[in-house]
Amino acid sequence: MTAPNPFSLDGRRALITGASRGIGRGIAEAYARAGARLALAARTTAGLSEVADSVAQCGAEVHTFAADLADAEAPTLLVERAAKALGGLDIVVNNAADAGHDGLTLDGYRRLLHLNLRAPVLITQAARPYLLESQAPVVINVSSVSARLGGAEPYGPLKAALSSYTVGLAREWGKDGIRVVAIAPGVIETDMTAGYTDADWWTGNLAERVALGRNGQVDDIAGVARFLASDAAAYITGAVIPVDGGWVHQF
Ligand SMILES: NC(=O)c1ccc[n+]([C@@H]2O[C@H](COP(=O)([O-])OP(=O)(O)OC[C@H]3O[C@@H](n4cnc5c(N)ncnc54)[C@H](OP(=O)(O)O)[C@@H]3O)[C@@H](O)[C@H]2O)c1
């Protein structure tokens, strides 16, 4: 007799935001390989179509939703449309965010606040009725090492708020069997970090900053996101898991 695979996501219904590229795309592809059914969201239709084609090659069911999640109504509407398409939700991955370089203007701060914090909160709240119906419900928030580094720009403090939300919500929703966890990536090579991952000031002393001495790759995050969504992580909630190659010397 074959034992069930605790890492399988067979038939699980997953909503992933920011799935048109970068880490979100990597998570979508990892989930598809694990057997999940997918609802993918981002602003860019072309990027979503490309990812949908890629995951469909694994035989995954996939639905795409173009949405600007900084808009007030978009997060809740997205959950309703995704749940309708998939017939419910088991996994919610709040991944979409912007590092933002206009964060010290009022409009810039407001945009980052709405995308990086309000959207995950609204999506998670809207998903609750569906998660309550699920056999294996989990919310995965993509935070950042910046939550610990902080800074004057809003990115780090907003990620700290997202990590804090994760811990508190895990405590409140644990009684309902809903797990809430976060991943805190270090420096991962994506569009978001394209400006400095190969810059001399960063690579010059990478080994002193990061114990493993290299930048992270999308798959470094996607594998952890797959594990956290699976039954293998059934006793993990309220954890904010660093996936940063050991970026310990900064602290
Ligand atoms: N890369 C890193 O080193 C790193 C480190 C720590 C944490 N993180 C976190 O990891 C997550 C993914 O980052 P990434 O590096 O993959 O970033 P990325 O390559 O810039 O991708 C961001 C994703 O979010 C979507 N997005 C951006 N603005 C949006 C909006 N207003 N509405 C809906 N979707 C939007 C983008 O798609 P569209 O442009 O098509 O909308 C894209 O799919 C983020 O939460 C980020 O803060 C990344």
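For clarity, every value in this text was computed on a predicted model and none was experimentally measured.

Caption draft 1: Here's a closer look at the overall build of the protein chain. In terms of regular secondary structure, the protein chain is built from nine helices and seven strands. Relative to a compact globule of 251 residues, whose C-alpha radius of gyration would be 18 Å, the protein chain shows 17 Å and is just as compact. By principal-axis analysis of the C-alpha atoms, the protein chain measures approximately 50 × 45 × 40 Å. Within the protein chain, buried positions represent 48% of all 251 residues. Contacts in the protein chain between residues far apart in sequence, at least 24 positions, make up 72% of those at least 6 positions apart.

Caption draft 2: The arrangement of the environment of Ala 28 in detail. Among the structural elements, Ala 28 can be located in helix α1 (residues 22-33). Taking the C-beta count within 10 Å as the criterion, Ala 28 has 31 such neighbours and is therefore assigned buried. Residues Ala 28 and Leu 78 lie 50 residues apart in sequence; the distance between their C-alpha atoms is 17 Å. Setting aside anything within four residues of it in sequence, one finds Ala 28 in contact with Ile 16, Ala 19, Leu 38, Leu 40, Val 51 and Val 55.

Caption draft 3: Just the sheet that holds strand β5 (residues 138-142), in detail. If you trace the seven strands from one edge of the open sheet to the other, you get β3-β2-β1-β4-β5-β6-β7, paired in parallel fashion. At either end of the open sheet lies a strand with only one pairing partner, and these are β3 (62-66) and β7 (240-243). Taking each pair of neighbouring strands and ignoring which way they run, the sheet shows an average axis angle of 15 degrees. Against the sheet, helix α2 (residues 45-56) contacts β2 (37-42) and β3, and its axis sits at roughly 170 degrees relative to β3. In the packing of helix α3 (residues 74-86) onto the sheet, the strands contacted are β1 (13-17), β2 and β3, and the crossing angle to β3 comes to about 160 degrees.

Caption draft 4: View of the nonpolar core. One finds Ala 28, Tyr 31, Leu 38, Leu 40 and Ala 225 to be the most contacted residues of the largest nonpolar core, which totals 81 residues. Here this core gets nine residues from one element, more than from any other, and that element is helix α4 (residues 106-133). Non-local contacts of Leu 38, meaning those with residues more than four positions away in its chain, are made with Ala 14, Ile 16, Ala 28, Tyr 31, Ala 32, Val 55, Ala 60, Glu 61, Val 62 and His 63.

Caption draft 5: Fine view of α3. Given a rise of 1.5 Å per residue, 13 residues ought to cover 18 Å, and the 18 Å separating the end C-alpha atoms of α3 matches this to within 8%. Buried within α3 are the following residues: Ala 74, Pro 75, Leu 78, Val 79, Ala 82, Ala 83 and Leu 86. For α3, the buried positions fall inside an angular range of 155 degrees around the axis, keeping them on one side. Pointing more than 90 degrees away from the buried face of α3 are the exposed residues Glu 80 and Lys 84. Summarising the contacts, the buried residues of α3 are in contact with β1, β2, β3 and α4.

Caption draft 6: A look at the packing of α1 against α2. One way to put it is that α1 packs onto α2 with a least axis distance of 9 Å and a crossing angle of 20 degrees. One way to sum up the angle between α1 and α2 is to call them roughly parallel. Relative to α2, the crossing made by α1 is right-handed. Note on element contacts: α2 touches α1 through Val 51, Ser 54 and Val 55, opposite Arg 25, Ala 28, Glu 29 and Ala 32. In the contact of α1 with α2, the residues fall into four nonpolar, one polar and two charged.

Caption draft 7: Broad picture of the site of the ligand. Every one of the 30 residues lining the ligand counts as a neighbour, but Gly 18, Gly 22, Arg 43, Thr 44 and Ala 97 are closest to it. Here the element with the most residues in the shell around the ligand is α1; it accounts for three residues. Here the shell around the ligand is built from residues that sort into 15 nonpolar, 10 polar and five charged.

Caption draft 8: Highlighting α2. Taking 1.5 Å per residue, 12 residues should reach 16 Å; α2 reaches 16 Å between its end C-alpha atoms and fits that length. Turning to α2, its buried residues number three or more, namely Gly 47, Leu 48, Val 51, Ala 52 and Val 55. One face of α2 carries all of its buried residues, which in axial projection span an arc of 135 degrees. Exposed residues lying more than 90 degrees from the buried face of α2 are Thr 45, Ala 46 and Asp 53. Looking at the buried side of α2, the elements it contacts are α1, β2 and β3.

What counts and what doesn't
Residues numbered from 1 in each chain as written. Predicted model: local features only at pLDDT ≥ 70, side-chain atom pairs only at ≥ 80, totals over all residues. Helix = DSSP H or I, 4+ residues; strand = E, 2+ residues; numbered from the N terminus. Rg over C-alpha atoms; globule rule 2.2 N^0.38 Å. Buried ≥ 20, exposed ≤ 12 C-beta atoms within 10 Å, placed from the backbone. Contact = placed C-beta atoms within 7 Å. Pairing = 2+ DSSP bridges. Axes fitted to C-alpha atoms, helices over the stretch in contact; angles between N-to-C directions. Core = buried A, V, L, I, M, F, W, Y, C linked by C-beta atoms within 7 Å. Expected span 1.5 Å × (residues − 1). Arc of directions from axis to C-beta. Parallel < 35°, antiparallel > 145°, perpendicular 65-115°, else oblique. Left-handed = near helix turned anticlockwise from the far one by under 90°. Nonpolar A, V, L, I, M, F, W, Y, C, P; charged D, E, K, R; others polar. Near = placed C-beta within 6 Å.

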